[in-house]
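# Summary of structural features
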Amino acid sequence: GDSVTQMEGPVTLSEEAFLTINCTYTATGYPSLFWYVQYPGEGLQLLLKATKADDKGSNKGFEATYRKETTSFHLEKGSVQVSDSAVYFCALSDPGSGNTGKLIFGQGTTLQVKP
Amino acid sequence: DAGVTQSPTHLIKTRGQQVTLRCSPKSGHDTVSWYQQALGQGPQFIFQYYEEEERQRGNFPDRFSGHQFPNYSSELNVNALLLGDSALYLCASIRTRVNTEAFFGQGTRLTVV
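Our subject in this report is the structure included herewith. Every value quoted in this text rests on a predicted model; they were computed, and no experiment measured them.

### Considering the sheet that holds strand β9 (residues 75-77) of chain A
All names here are of chain A. In spatial order, the strands read β3-β9-β8-β7; together these 4 strands make up an open sheet with antiparallel pairing. Only two strands of the sheet have a single neighbouring strand rather than two, namely β3 (19-21) and β7 (56-59). Neighbour-to-neighbour, the strand axes of this sheet turn through a mean angle of 15°, independent of strand direction. Bridging between β7 and strand β8 (residues 62-65) involves 4 bridges; their strand directions are antiparallel. Each residue of the ladder has a partner; that of N59, found in β8, is F62.

Take a look at the structure:
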């Protein structure tokens, strides 16, 4: 079945360092891809999305490119801040579901940014 | 504009009991999905409701059931609680005809003792 695999964490960086969180997926159709962020004690917030191959999603300095040839959607940010410390989830929408309400998530990657 | 709201925020139940969690979708949204997030894991899809009917279901036992009301709000019911049901339960809503991205609530933290 469809699945999402993320790099294991935690990832610990110093402020202003470059961030990459790897995400690869397996899907039989053409899913949309998402990155969600979860701050401590909160629900999930959509960070960015891409709906077709070669699309680049971007938001708040984060970006990710939908790479169909490598089935990847890696999250990057050029300069992280302490406030970026959170858990990041890569997800895909089930192509067979017909909507984005059924998401398949990776296991999450914890990012800790130190001053 | 209120986003997705869930109640209660925290709940403690005893093994074998039953629990009901509630969700109000974002304004303008008509489809509600429920997820279970165990500690340190990604959310797992439980089921989805649209037009007051269960439309899709994940790999969860029949102890997990739900309901959607005419105002699009939804309930998640879990019977015969097990210790393993302890988790954060998340509700997400979308506007089906437009197929917006899913908006999530803050979740209900359920602890089974």
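Now that the structure has been shown, the text picks up again.
### Notes on the nonpolar core
Counting 25 residues, the largest nonpolar core has L19(A), W35(A), L48(A), F73(A), L75(A) and Y88(A) as the members making the most contacts within it. For this core, the elements supplying multiple residues, two or more each, are β2 (11-14), β3, β4 (23-26), β5 (33-38), β6 (44-50), β8, β10 (86-93) and β12 (109-114) of chain A. Looking at this core element by element, the count peaks at 4 residues for β10(A). Judged by nonpolar contacts, the second largest core, of 20 residues, contains V4(B), L11(B), Y49(B) and L76(B).

### Considering the layout of surface pockets
Space left empty within the atom packing is revealed by a probe, the size of a water molecule, rolled over the atoms. In this structure, the largest pocket spans a volume of roughly 430 Å³. If you trace the largest pocket, you find 22 residues lining it, with Q38(A), G41(A), E42(A), L88(B) and R109(B) closest to the centre. Top element by residues in the lining of the largest pocket is β10(A). It accounts for 3 residues. When grouped by side-chain class, the residues that make up the lining of the largest pocket number 8 nonpolar, 12 polar and 2 charged.

Calculation notes
- Just so you know, the residues in each chain are numbered from 1, in the order the chain's sequence is written.
- Here every chain gets a letter starting at A, and every ligand a number starting at 1, in the order they are written.
- For a predicted model such as this one, the threshold for reporting local features is a pLDDT of at least 70, and the threshold for listing and counting side-chain atom pairs is 80 or more; totals across whole chains, interfaces and linings nevertheless cover every residue.
- Hydrogens and water are ignored here; the side-chain numbers use all heavy atoms of the structure.
- Should DSSP find at least two bridges between two strands, the strands are regarded as paired.
- Every helix listed is a DSSP run of H or I at least four residues long, and every strand listed is a run of E at least two residues long, numbered separately from the N terminus.
- Fitting a line to C-alpha atoms yields each axis, with helices limited to the stretch in contact; the angle taken between N-to-C directions then spans 0 to 180 degrees.
- Put simply, a nonpolar core is a bunch of buried Ala, Val, Leu, Ile, Met, Phe, Trp, Tyr and Cys residues held in one set by side-chain atoms that sit within 4.5 Å of each other.
- Remark: exposure states derive from per-residue accessible area (1.4 Å probe, protein chains only) relative to the maximum for the residue type, with buried under 20%, exposed over 50%, and partly exposed in between.
- A 1.4 Å probe that fits into a set of points on a 1 Å grid over the protein atoms alone but cannot get out defines a cavity; an open set with protein on both sides within 12 Å along at least five of seven lines defines a pocket, and lining residues are those with an atom within 4 Å of a point.
- Grid points are joined across faces, edges and corners, and a volume is the space filled by probe spheres set on the points.
- Side-chain classes are defined by residue name, with Ala, Val, Leu, Ile, Met, Phe, Trp, Tyr, Cys and Pro counting as nonpolar, Asp, Glu, Lys and Arg as charged, and the others, Gly among them, as polar.

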